[in-house]
Amino acid sequence: MPEEVLFKFEQRMERAEIADYLRTVADSLESGDSISLEAGGESVTMNPPAQPTFEIKAERETSSSAPDGPGELGLEFELEWDEGGDGEEAGDGTLSIE
């Protein structure tokens, strides 16, 4: 299925600033509110269902020219749901984050 990017923002910032953004998203999820994103004249509002699919990915990207060299590490958090769906889907166990 092709992907359409509705909003994209990327910027280097302090960890505390990132934590503030994540807290705002967490508060909106917990209260059932919509999540509005705005930057550089672009904006989008999303309304996650009560049970979206939650994906966490820790990855290392390496250069194809130096596959054994140092790479770029990443930590991705993703919420997914079907448009117009209730988000209910079976899970794969429990998650622990420390």
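Our structure is the block above this text.
Residues numbered from 1 in each chain as written. Predicted model: local features only at pLDDT ≥ 70, side-chain atom pairs only at ≥ 80, totals over all residues. Heavy atoms only, no water.

Colleague: It is not clear to me how the overall build of the protein should be interpreted in this structure. Could you clarify?
Modeller: Helix and strand counts for the protein come out as 1 helix and 4 strands. For the protein, the succession of helices and strands along the chain, N to C, is α-β-β-β-β. Radius of gyration (C-alpha) of the protein: 16 Å, far over the 13 Å computed for a compact globule of 98 residues. Principal-axis analysis of the C-alpha atoms gives the protein an extent of 45 × 35 × 35 Å. Counting all 98 residues of the protein, 8% fall into the buried class. Looking at the protein alone, contacts between residues at least 24 apart form 47% of all its contacts between residues at least 6 apart. For the protein, the accessible area works out to roughly 9,100 Å², and carbon and sulfur atoms hold 46% of it. Computed over 6 positive and 26 negative side-chain charges, the separation of the two mean positions in the protein equals 11 Å. (Helix = DSSP H or I, 4+ residues; strand = E, 2+ residues; numbered from the N terminus. Rg over C-alpha atoms; globule rule 2.2 N^0.38 Å. Buried < 20%, exposed > 50% of the residue type's maximum accessible area, 1.4 Å probe, protein only. Contact = heavy atoms within 4.5 Å. Areas by Shrake-Rupley, 256 points an atom, 1.4 Å probe, with all protein chains shown as cover. Lys, Arg positive; Asp, Glu negative; His and termini not counted. Charge placed at Lys NZ, Arg CZ, Asp CG, Glu CD.)

Colleague: Explanation requested: a nonpolar patch on the surface in the structure shown.
Modeller: On the surface, F54, I56, L75, F77, L95 and I97 cluster together into a nonpolar patch covering about 610 Å² of accessible area. Overall, L95 belongs to the exposed group, its relative accessible area being 56%. (Patch = residues over 30% accessible without salt bridge, like charges linked within 9 Å, V, L, I, M, F, W, Y side chains within 5 Å. Salt bridge = Lys/Arg side-chain N within 4 Å of Asp/Glu carboxyl O.)

Colleague: When you look at the pattern of salt bridges in this model, what are you seeing that I'm missing?
Modeller: It is possible for side chains bearing opposite charge to pair when their charged atoms get close. Overall, the coordinates contain 1 salt bridge when judged by the stated rule. D20 serves as the salt-bridge partner of R23, at 2.9 Å between the closest nitrogen and oxygen. Here R23 pairs with D20, and both are found in helix α1 (residues 15-31), just 3 residues apart, close to one helical turn.

Colleague: What should I look at first to understand the environment of G71 in this one?
Modeller: One can find G71 in the loop between β3 (53-61) and β4 (72-80). By relative accessible area, which is 41% here, G71 ends up partly exposed. G71 sits 27 residues away from V44 along the chain, and the two C-alpha atoms are 32 Å apart. Once you skip the residues sitting within four places of it in the chain, G71 turns out to touch R60, E61 and T62.

Colleague: What should I look at first to understand α1 in this one?
Modeller: Each turn of an α-helix holds 3.6 residues, which means side chains three or four residues apart point in the same direction. Helix length check: α1 (17 residues) gives 24 Å between terminal C-alpha atoms against 24 Å at 1.5 Å per residue, within 8%. Among the residues trailing α1, G32 stands out with phi positive, at a value near 80°. (Expected span 1.5 Å × (residues − 1).)

Colleague: Just to check I follow, could you spell out a negative patch on the surface for this structure?
Modeller: On the surface, E10, E61, E72 and E76 cluster together to form a negatively charged patch. With respect to the helices and strands, the residue E72 is situated in strand β4.

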